[in-house]
Amino acid sequence: GADVDGDPLRARLAWLVRQNGELREGLEGSNRENERLRGELKSSAQKVAELEEERERFFDEGIFDVVNQISQNSCMPPSWMLSPRSPPSPHSAGGAGSGD
């Protein structure tokens, strides 16, 4: 049984060459996709860092501007807010339930 002219060997070699080419194309495609995803990850990480910086800046400065704006535009706060005591509880409201 052995084929003397080597056709089975050549056929196997041709198949291996095709497989190698397909694997190489697949790897190149995977590498391109990997690079694209790395770029998207880098962009997303940069956006997250910018948002975190903006949030930090808001809490460092912006919240005080908001509080100042609200306090300038509002009426005098309730007296309990000006007092060092804690706010009255709903159950201690004077006059509620005291009938005549």
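Scroll up a little and you will see the structure.
Residues numbered from 1 in each chain as written. Predicted model: local features only at pLDDT ≥ 70, side-chain atom pairs only at ≥ 80, totals over all residues. Heavy atoms only, no water.

Chemist: Kindly report on the overall build of the protein, identifying the contributing residues and their values.
Modeler: Scanning the protein for helices and strands turns up two helices and zero strands. Every one of the 100 residues in the protein was classed for burial, and the buried ones make up 2%. For the protein, the computed accessible surface area is about 9,500 Å², with 57% contributed by carbon and sulfur atoms. (Helix = DSSP H or I, 4+ residues; strand = E, 2+ residues; numbered from the N terminus. Buried < 20%, exposed > 50% of the residue type's maximum accessible area, 1.4 Å probe, protein only. Areas by Shrake-Rupley, 256 points an atom, 1.4 Å probe, with all protein chains shown as cover.)

Chemist: Explain the pattern of salt bridges residue by residue, including any values.
Modeler: According to the stated counting rule, one finds three salt bridges in the structure shown. Between Glu33 and Arg36 there is a salt bridge, with the nearest N and O atoms lying 2.6 Å from each other. Here Arg36 and Glu33 lie together in helix 1 (residues 7-73), a separation of three residues that amounts to about one turn. What makes Glu33 partly exposed here is its relative accessible area of 35%. When its relative accessible area of 40% is taken as the criterion, Arg36 is described as partly exposed. Members of the salt-bridge network, linked through shared partners, are Glu33, Arg36 and Glu40. (Salt bridge = Lys/Arg side-chain N within 4 Å of Asp/Glu carboxyl O.)

Chemist: Tell me about helix 1, and please be specific about residues and values.
Modeler: Between its terminal C-alpha atoms helix 1 stretches 93 Å, which fits the 99 Å expected from 67 residues at 1.5 Å a residue. Along its length, helix 1 reaches its greatest deviation from straightness, about 50°, at Phe59. (Expected span 1.5 Å × (residues − 1). Bend = angle between axes of the 7 residues up to and from the residue.)

Chemist: Run through a nonpolar patch on the surface, naming residues and quoting values.
Modeler: Residues Phe58, Phe59, Val66 and Ile70 make up a contiguous nonpolar surface patch of roughly 380 Å² in combined accessible area. If you trace the backbone, Ile70 turns up in helix 1. (Patch = residues over 30% accessible without salt bridge, like charges linked within 9 Å, V, L, I, M, F, W, Y side chains within 5 Å.)

Shape is all these values report; function is a separate question.
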